[in-house]
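One-letter residues, chain by chain:
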Amino acid sequence: MPRTYLPFTACLLTLIVFAVSPAQEQRKVVEWANHRDINTGVITEPWSKQIDALELEEILIGGRVVTIGDPVPAGIEWINDLTFRVKNISAEDITFVQITVTLPETSRSPQIPFLAPCGHRENQTCLRPGEQVDLKIPKGKLYDWVKEQVSKEKQVSTISRAAIDAVFVTMSNGSELMAGCLKTTDSRNTCPHKY
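Residues numbered from 1 in each chain as written. Predicted model: local features only at pLDDT ≥ 70, side-chain atom pairs only at ≥ 80, totals over all residues. Heavy atoms only, no water.

### Brief notes about the overall build of the protein
Counting secondary structure elements, the protein contains two helices and eleven strands. Seen in sequence order, the protein has helices and strands lined up from the N terminus as α-β-β-β-β-β-β-β-β-α-β-β-β. Burial status across the protein gives 40% buried among its 195 residues. Across the protein, every contact between residues at least 6 apart in sequence was considered, and the portion connecting residues at least 24 apart equals 76%. (Helix = DSSP H or I, 4+ residues; strand = E, 2+ residues; numbered from the N terminus. Buried < 20%, exposed > 50% of the residue type's maximum accessible area, 1.4 Å probe, protein only. Contact = heavy atoms within 4.5 Å.)

### What about unusual backbone geometry?
Along the chain, E45 connects to P46 via a cis peptide bond; the corresponding omega equals 5°. Within the secondary structure layout, P46 lies in the loop between β1 (26-32) and β2 (50-61).

### Details of the layout of surface pockets
Which parts of space are left empty comes out when a probe the size of a water molecule is rolled across the atoms. For the largest pocket, the calculated volume is near 280 Å³. Along the walls of the largest pocket sit twelve residues, with L115, K136, I137, P138 and K139 positioned nearest its centre. When its residues are assigned to classes, the lining of the largest pocket shows six nonpolar, three polar and three charged. (1 Å grid on protein atoms, 1.4 Å probe; cavity = no way out; pocket = protein on both sides within 12 Å on 5 of 7 lines; lining within 4 Å. Points joined across faces, edges and corners; volume = space filled by probe spheres on them. Nonpolar A, V, L, I, M, F, W, Y, C, P; charged D, E, K, R; others polar.)

### Things to note about the confidence of the model for the protein
Any region with low pLDDT has predicted coordinates that should not be read closely. With 84% of its residues at a pLDDT of 70 or more, the protein shows a mean pLDDT of 84. At the low end of the mean pLDDT range in the protein sits helix α1 (residues 2-24), at 43; at the high end sits strand β5 (residues 82-88), at 97. Low pLDDT, under 50, characterises residues 3-23; the stretch is placed with one contact to residues that sit more than four places away or in other chains. (pLDDT = per-residue confidence, 0-100.)

### Observations regarding the environment of E31
With respect to the helices and strands, the residue E31 is situated in strand β1. Judged by its relative accessible area of 18%, E31 is buried. When the C-alpha atoms of E31 and N189 are compared, they prove to be 8.6 Å apart, with 158 residues separating the residues in sequence. Residues within four places of E31 in sequence aside, it is in contact with I68, P104, R161, A162, A163 and I164.

### Describing the state of the cysteines
Disulfides are covalent bonds that connect the sulfur atoms of two cysteines. If you walk through the whole model with that rule in mind, you get one disulfide. Bridging C181 to C191, the disulfide has an S-S length of 1.9 Å. Here C191 lies in the segment after β11 (181-184) and C181 lies in strand β11, a separation of ten residues in the sequence. Its relative accessible area of 3% is what places C191 among the buried residues. (Disulfide = S-S within 2.5 Å.)

Here it is, written out as structure tokens:
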């Protein structure tokens, strides 16, 4: 008789594991923001431009590489675990880098900055030519603020899409670049609306 209960117990534990896993990890997507004017369908500057001084090397969620537009399993705090790895492919130092992300499933999405952990003082070099850095949500209360803003409509855990909305780069010569697209290493991540 003990042999009869052993397989049943093993099957029951397997079912419990599968039942718990989807609740902890759901399918999430990183995409490019849609900057088309609702009336004309046209994308205006600066959103139609692409920044070529900086290259998006990888997008990671919790250390797992993701491709733009492909759903991937991710935990509840996936937005806080999101990382953009970028590389300076220009011949000049970069002093500031930011990728701003929005949440298209909310009507008034917060603008979520992903920053390099450098270049916070004026004229401080953040990225020399050929160097790469990871952009993340700054540590501290910013993520709590994001959750608070989103909770006015829904729970952060139910958000399944994050859109790369804007990219800001400041070069050491003082020029500031802003665009809706960024050059990418992987052609699968290429911004669909760059000009």
